[in-house]
Amino acid sequence: MPDEQKLFKVTIDNITIDVPAGTSILNAARMIGGEVAPPAMCYYSKLEGSGGKCRTCLVEVAAGSTADPRPMPKLVASCRTNVMDGMVVKNITSEKVIDARKGVVEFLLINHPLDCPVCDQAGECYLQDLGYEHGAVQTRYEFKRRTFVREDIGRYIQLHMTRCILCYRCVYVANQLTDHRVHGILDRGDCSDISTYISKAIENDFSGNMIDVCPVGALTDRTFRFKNRVWFLKPMDAHRDCDKCCGKVTLWNRGDEVYRVTARKDEWGEVQSDENGKAMWICNTCRFDKKNTSDWIIEKPTSINRHSVISANHYEVKVMPDDPLDKLLNGREPLLLMNIHEASQVNQQDVHLDELPGPATYETFNGEPFSTGHNVTDIKESLGVNTQGTDSTNPNTP
Amino acid sequence: MSKKLLLDKINVEGIKTFEVYRREGGYKSVKKALQMKPGDIVEEVKKSGLRGRGGAGFPTGMKWSFLAKPEGIARYLVCNADESEPGTFKDRYLMEFIPHLLIEGMIVSSFALGSNVSYIYIRGEYDWITDILQTAIDEAKQNGFLGKNILGSGFDCELYLHRGAGAYICGEETALLESLEGKRGLPRIKPPFPAVKGVWGCPTVVNNVETIAAIVPIINDGGEAYSKIGVGKSTGTKLISACGNINKQGVYEIDMTLSVEEFIYSDEYCGGIANGKRLKACIPGGSSVPILPANLLLKTAKGETRLMNYESLSDGGFATGSMMGSGGFIVLDEDQCVVRNTLTLARFYHHESCGQCSPCREGSGWMEKILHKIEYGKGEMKDIDLLWDIQRKIEGNTICPLGDAAAWPVAAAIRHFRDEFEWHILNPEECLKRNYGLAHYADAIENSVIS
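Here the structure is a predicted model, which is why all the values come from computation and not from measurement. (Residues numbered from 1 in each chain as written. Chains lettered and ligands numbered in written order. Predicted model: local features only at pLDDT ≥ 70, side-chain atom pairs only at ≥ 80, totals over all residues.)

Enquirer: An account of the overall build of chain B is requested, with residue identities and associated values reported.
Expert: Counting its secondary structure elements, chain B contains 20 helices and 11 strands. A compact globule built from 451 residues should have a C-alpha radius of gyration of about 22 Å, and chain B, at 22 Å, falls within 12% of that. In terms of overall dimensions, chain B has a C-alpha envelope of 75 × 50 × 35 Å along the principal axes. Looking at chain B as a whole, 57% of its 451 residues are labelled buried. (Helix = DSSP H or I, 4+ residues; strand = E, 2+ residues; numbered from the N terminus. Rg over C-alpha atoms; globule rule 2.2 N^0.38 Å. Buried ≥ 20, exposed ≤ 12 C-beta atoms within 10 Å, placed from the backbone.)

Below, the structure is given as structure tokens:
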């Protein structure tokens, strides 16, 4: 057994944190959280080998380590650079980083169609967030943008290559989740095209996860396209027994109708991990075929951590009222609560209350035959108590 | 006449064949090396001060000593013969006319590095050279210089030739390894470096053709003798492929004490500018390195004579200097248009960008479009600043050096020839009919004296 895992001290934007050796700068920054975490368009912690391509997570390393405190000459991709002990990283405190990031966002957007008003991803698009945060107000690009023809890759997924930023995440999903990858990058440079060769359908139980990992609207759910805007939908955590996947999903409802099903996402937009650290990818049956509320056991509204239009106008923070019962019982275990009759030590339990013609009285439990009357007076008369025949409707009759 | 180490036998008839090459003293270094310890060979290379001839100029001995040597894991030597830089054709010349020199260098280097399987990754367009090299490999094998138990030393080495498929990016060492493994030629993210995790995850050394060939004289004459040639940290001889508007284009082996002026004007080398014209500018080390105007090419900013070596060519940084690069010496005379030249280079880098990381993928195309606009008289003044800003945001922010290579020529052209860009913009019709010419660069050139 290796003894206690080695911890490295790393300072990011003047905040110092101890992280295990082998952690990337990006993940260390995510541990600190908030604005210190660099944006990532291509890195996906659940996909091995991803990252390093989009260059939005570039950071400045002001000091390499305690042993070698020289700064790194270039900005580095924080998602693929591991921390060293005593490393000093500058993210939002570095002018150079802010400038380079602005440049990268501009590069990502020059050939992007900016068709957000008709794009299904709008509202949950990471390029949109990135553009708002780091982009320029106006484009300096005055040429024709690159376009591709839309393509249906299989029954469930539509590929809109024009919007793609070539993060390669979907390729990694196909490599690592499905048994046989049939799509990939064709051509080179800015003509690179994600496609199947040649126009094959992607038929795989886990292919739908490509939609979840796509940071932009390049891969969209054909069963959801143009059905609704995401900010009108209410996300709910739900689960079902599934023999292929974990079955734990987020339902996106409007009223009682399930519009779409996605995997559960964490605050970085990645699929959540279960308690064993395994990513909760979901299968295509859960994602595309179970579109009735009755297929699912709904747990609770999903809490959206993300700064986006989905969380605006949404029950972002729910406060459940305190349940006072435990406090009241103070450790006792009560027998009653719901069924007083059965818990009673006075009543005869073989008497079925629902069989009585009227309300139960002490007589009911004394083994006497049921009276014929329907009120107190009648009963008293039948027992020979009310011999005067006074008002039978007055229970106070002697 | 300076000393030649690589090309001294180039004119011997039939040097391509094993018999003639052997008769002329070839494969001597293999015999000598096999009697040495691999570590001593690495030391010898370190002593020689040989620097990588592919462009970056990293000390070869140092690179070799970085090679990880874990137990039970194979090590590989890969020769980078994917020479695709516009203006560079020295490796082609070497492989075409004296192929056994490369094979000999490969055997010695493989022995020094403990590589039992070595590769030559050759550019796809060099199809006729592939045949020449394959013949040479077969001949060497028949004569016991390759294969099992070379010359009875117990050292096995197989040499394979792998043809690329025509991508410039595969000349980047990690993209080359990916391509060699049969994948898309996309550069890997470093670290890990190939010396730790290279081809098939094993420690690998990737060297340029000329570097490998230079191992032969180092072993034959000793590292000490090799380091005495040249000057400072630029030891040995360097192959320069000269092209453009000069009288004698071709590959020259130079001693690195030669001045740029002598190289261009002396009859032994380029023989002066063609058609009696004047020198305007030069790209001294292959298309990726910054272009220099004539005045800065012949003399450094400090007024010293610029020499054809690593230090002198990069004197003054990018502000007033350039780089040795891969030795592709492109000369532009007074009638050439720098804007057009920059457009050609930008088009090349746009076409060859692999598309993996965003700044290079999007930025290289954008620069090409703007340069196209300026060249064809549709430019605006703000385009020059925009170009400058784009190249600044590409440089240093990409996975591999292709981004830098795309940015540097544009940056240097604007830095030194901004007036020419402005002239194109201010004279949209005239620029279609004639070129800007020499303008301010004329003085410096006329004053230069041919030595």
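Enquirer: Could you give me a rundown of the overall build of chain A, with the residues and numbers involved?
Expert: Secondary structure assignment for chain A yields 9 helices and 14 strands. Out of the 398 residues belonging to chain A, those deemed buried represent 35%. Taking the contacts inside chain A whose residues are at least 6 apart along the sequence as the reference set, 58% of them involve residues at least 24 apart. (Contact = placed C-beta atoms within 7 Å.)

Enquirer: Tell me about helix 8 (residues 173-180) of chain B, residues and numbers included.
Expert: Residue and element names in this part refer to chain B. Buried residues dominate helix 8, accounting for 7 of its 8 residues. Burial in helix 8 covers these residues: E173, T174, A175, L176, L177, S179 and L180. For helix 8, the secondary structure elements touched by its buried residues are strand 1 (75-81), strand 2 (115-122), strand 3 (158-163) and strand 4 (204-208).

Enquirer: Any chance you could break down the pairing of strand 9 (residues 193-196) of chain A for me, citing the residues and the numbers?
Expert: Residue and element names in this part refer to chain A. Pairing geometry for strand 8 (residues 183-186) and strand 9, over 4 bridges, is antiparallel. Residue pairing in the sheet places G184 in a bridge with S195 of strand 9. Where strand 8 hands over to strand 9, the hairpin turn is made up of 6 residues, of which D187 adopts a positive phi near 60°. (Pairing = 2+ DSSP bridges.)

Enquirer: Give me the lowdown on the interface of chain A and chain B, citing residues and values where you can.
Expert: If you look at the interface, chain A gives 26 residues, while chain B gives 22 residues. The element best represented in the side of chain A that touches chain B is helix 2 (residues 95-110) of chain A, accounting for 6 residues. Residues that form the side of chain A that touches chain B fall into these classes: 14 nonpolar, 5 polar and 7 charged. (Nonpolar A, V, L, I, M, F, W, Y, C, P; charged D, E, K, R; others polar.)

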